[in-house]
Amino acid sequence: MRQALTFILLFLVTITFWGVNNYATGQQRREIQINHADLMRNLKMNGKDVRRLIGNVSIKHDEITVKCDSLYDYVGQNKFDAFGNVKVFQENSTLYGDTLMFNGATKAGKVRGKIVRLVDDEVTLVTNYLDFNTNENSVNYFGGGIITTADARFSSLRGKYFSSQKVVKFGGNVAYLDTTLLLNTDSLEYYSEPELIKFFGPTRVYNDSSYLYAEQGWHNRKTEESEFHINSFIDNGEQKVFGKSIYYDRAAGLARVIGDGCVIDTVQRLTIFGQNLKYNNKTEYAEVTESPLAMYISDKADTLFLRANKLIGKSVKDTIQKDSTLYNMLVGVGDVRFFRGDIQGVCDSITFHSVDSILNMYVEPILWNDANQLTANDVNIMFRNENIYRMNFKGTSFIASQEDSTLFNQIKGRDMVGHFTAGKLSRLDVSGNGETVYFIREKDDIVAVNKAVSSSLSIGIRDNQVTSIMFRDKPVATLYPIDKVELPEVMVKGFTWHAEKRPKSRNNIIPQGLDIKFTDTIETKANQYRMLKKNPAVSIEPAGLKYEILEVLLDRPQKANTHLR
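Residues numbered from 1 in each chain as written. Predicted model: local features only at pLDDT ≥ 70, side-chain atom pairs only at ≥ 80, totals over all residues. Heavy atoms only, no water.

(A) Fine view of the pattern of salt bridges. All told, the structure shown has 15 salt bridges when counted by the stated rule. Its salt-bridge partner being Asp342, residue Arg340 comes within 2.8 Å of it at the nearest N-O pair. Per residue, the accessibility class of Arg340 equals that of Asp342, and both read buried. Taken together, the shared-partner salt bridges connect Lys110, Arg112 and Asp131 into one network. (Salt bridge = Lys/Arg side-chain N within 4 Å of Asp/Glu carboxyl O. Buried < 20%, exposed > 50% of the residue type's maximum accessible area, 1.4 Å probe, protein only.)

(B) Here's a closer look at the pairing of strand S30 (residues 387-402). As paired strands, strand S28 (residues 372-375) and S30 are joined by four bridges and run antiparallel to one another. By the bridge assignment for S30, Leu374 is matched with Ile399. Pairing of strand S29 (residues 378-384) with S30, which is carried by seven bridges, proceeds in the antiparallel orientation. Its bridge partner lying in S30, Phe383 is registered against Ile388. Adjacent in sequence and paired antiparallel, S29 and S30 are bridged by two residues, among which Asn385 carries a positive phi angle near 55°. Pairing of S30 with strand S31 (residues 408-421), which is carried by 11 bridges, proceeds in the antiparallel orientation. When the sheet's bridge partners are listed, Arg390 is paired in S31 with His419. Linking two consecutive strands that pair antiparallel, namely S30 and S31, is a turn of five residues. (Pairing = 2+ DSSP bridges. Helix = DSSP H or I, 4+ residues; strand = E, 2+ residues; numbered from the N terminus.)

(C) Geometry of the packing of aromatic side chains. This model, assessed by the stated rule, comprises 20 aromatic pairs. For the pair Tyr72 and Tyr74, a centre-to-centre distance of 6.3 Å together with 20° between the ring planes defines the contact as stacked. Relative to Phe170, the ring of Phe154 has its centre 4.5 Å away and its plane inclined at 55°; by these criteria the two rings are tilted. Of this pair, Phe154 sits in strand S10 (residues 152-156) while Phe170 sits in strand S12 (residues 167-178), and the two are 16 residues apart along the sequence. The exposure class assigned to Phe154 is buried, which follows from its relative accessible area of 1%. Among the aromatic side chains, those forming a connected cluster through ring pairs are Tyr141, Phe154, Phe170 and Tyr176. In this structure, Arg384 packs its charged tip against the face of Tyr389, placed 4.0 Å from the ring centre. A cation sits over an aromatic face here: Lys533 above Tyr206, 5.7 Å from the ring centre. (Phe/Tyr/Trp six-rings, centres within 6.5 Å; stacked < 30°, edge-to-face > 60°. Lys NZ or Arg CZ within 6 Å of the ring centre and 35° of its normal.)

(D) Just the confidence of the model for the protein, in detail. Per-residue confidence for the protein gives a mean pLDDT of 82, with 88% of residues at or over 70. Confidence drops under a pLDDT of 50 for residues 322-326, and excluding neighbours within four residues, the segment shows nine contacts in the predicted structure. (pLDDT = per-residue confidence, 0-100. Contact = heavy atoms within 4.5 Å.)

(E) Highlighting the environment of Asp370. Tracing the sequence through the fold places Asp370 in the loop between strand S27 (366-369) and S28. As a C-alpha pair, Asp370 and Asp342 span 28 residues in sequence and 6.4 Å in three-dimensional space. Residue contacts for Asp370: discarding those within four places in its chain leaves Asp342, Lys424, Asn464 and Arg502.

(F) Seen up close, the nonpolar core. With 45 residues, the main nonpolar core has Phe338, Ile350, Met361, Leu367, Ile381 and Met391 as its most contacted residues. Leaving out residues up to four positions away in the same chain, Phe338 has contacts with Leu304, Phe305, Leu306, Ile343, Gln344, Gly345, Ile350, Met361, Leu367, Pro503 and Ile509. Leu53, Leu130, Ile147 and Tyr190 belong to the second-largest nonpolar core, a separate cluster that totals 35 residues. (Core = buried A, V, L, I, M, F, W, Y, C linked by side-chain atoms within 4.5 Å.)

(G) Summary view of helix H3 (residues 518-530). With 13 residues, H3 extends 19 Å from end C-alpha to end C-alpha; this agrees with the ideal 18 Å at 1.5 Å per step. Along its buried surface, H3 packs onto strand S15 (211-220), strand S16 (225-235), strand S17 (239-249), strand S18 (254-265) and strand S19 (270-280). (Expected span 1.5 Å × (residues − 1).)

Next up, the structure:
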């Protein structure tokens, strides 16, 4: 885009140099060199001297040459008008028009024509109306303008360049197309010194792999940094990013979503919300530190809602296999809580490997599955077809269920393995220091409690009820009538019931004030504008810019539009 904008500076230099030096003051006129004219007449118009040059007019001042069919030189008035096939030459640039009018008093000039063109070796500007002012060092076109380079095309309804600020501003149906992207916006500003592009209004950027929408933002061509504001949205096919503000440093590979933000991974079916999201595509590391929430969308089970003080996403290599297999890992750190219809949990930290569908819980983990509470030093959960099929409990493992308000069935062991059928606990294998306490009912009344000890045992469970116990090593079991036992005697040491910590619904997981539906409005709006994709205009007619429908995105622009010459 840099080449497509340099034409304005070149043109301004040409006009400014010529206009100011030929008419330096209102009273002192520097002579122009007349190269040729078929006829010259001295006239009086409104009592003023006018010199008229007619036929194949060619004049020169220093390095600038003007050719036209006729020219009025208003002697002593510091102005001139050129008519018919006007051409202004300087070095490698040429300006074409039907008329050129310049007023040295106001330092303002106008170029008009069916086609006004400014051409140099690399860039062509086509318009109908072009004004310049050498006093404020500005030049602008309106009624439509098309800029063409060897590999890009740009069009807008109007454009203006300010030399002192070194800024060019484009407005109205701005469109830019090159071999890598198509950009549509309402208005665009380009600052040449920092090579900064600013855009305003609904802005769309398309390429062969992604679509970006925002309503305000900037891009620094030199540092390759960008920032997008107001309903920001990026869709690359596999991931979608939403944000109040999205900052991107291409050189560092760093993206940051500031304010309400969301990343949706459609492949992993993972959605992450937060107030401060960071992602580095070089290290494949993502981090959310404010109001983080993760959602795993499932076709076969409920959505899993998970929150923590910090969420981290990263790719890690398999350390067991001798290949470069990458495991996509989600890490939750600090006050971890999650909810799904068939499982809930809390702990201090958590990891989830999406490739193997393995979830690990650390530091005082507590799980709930239906009526069962499960605890251990560390918990490992395995999913198959998105349903729980096995849990591994390491160190001081407990499973308990509430029999009534004060009585709890309890199973304890050094380690346990829980087997699940259709997402429900169906068998429990206990190894090392196994203890069981379960209450026996007759109809609706609790009549006895059974306490057993064995270093190894297996327990069958159906509908949260113990259906069988197989003791594998030196069992000791005692059956107590309920009215003959003191409850502390049959409680397993170390057992605690944690009902108050159990997440009751997804609302207990979603951070307060977070609207998980805010993305719907943004995506709807972004997709509405997505359908308004428009390539730059291909010609200018009296009514303005004319567009043609190009079905293939990113068609390589023609080097020159021959029908505009």
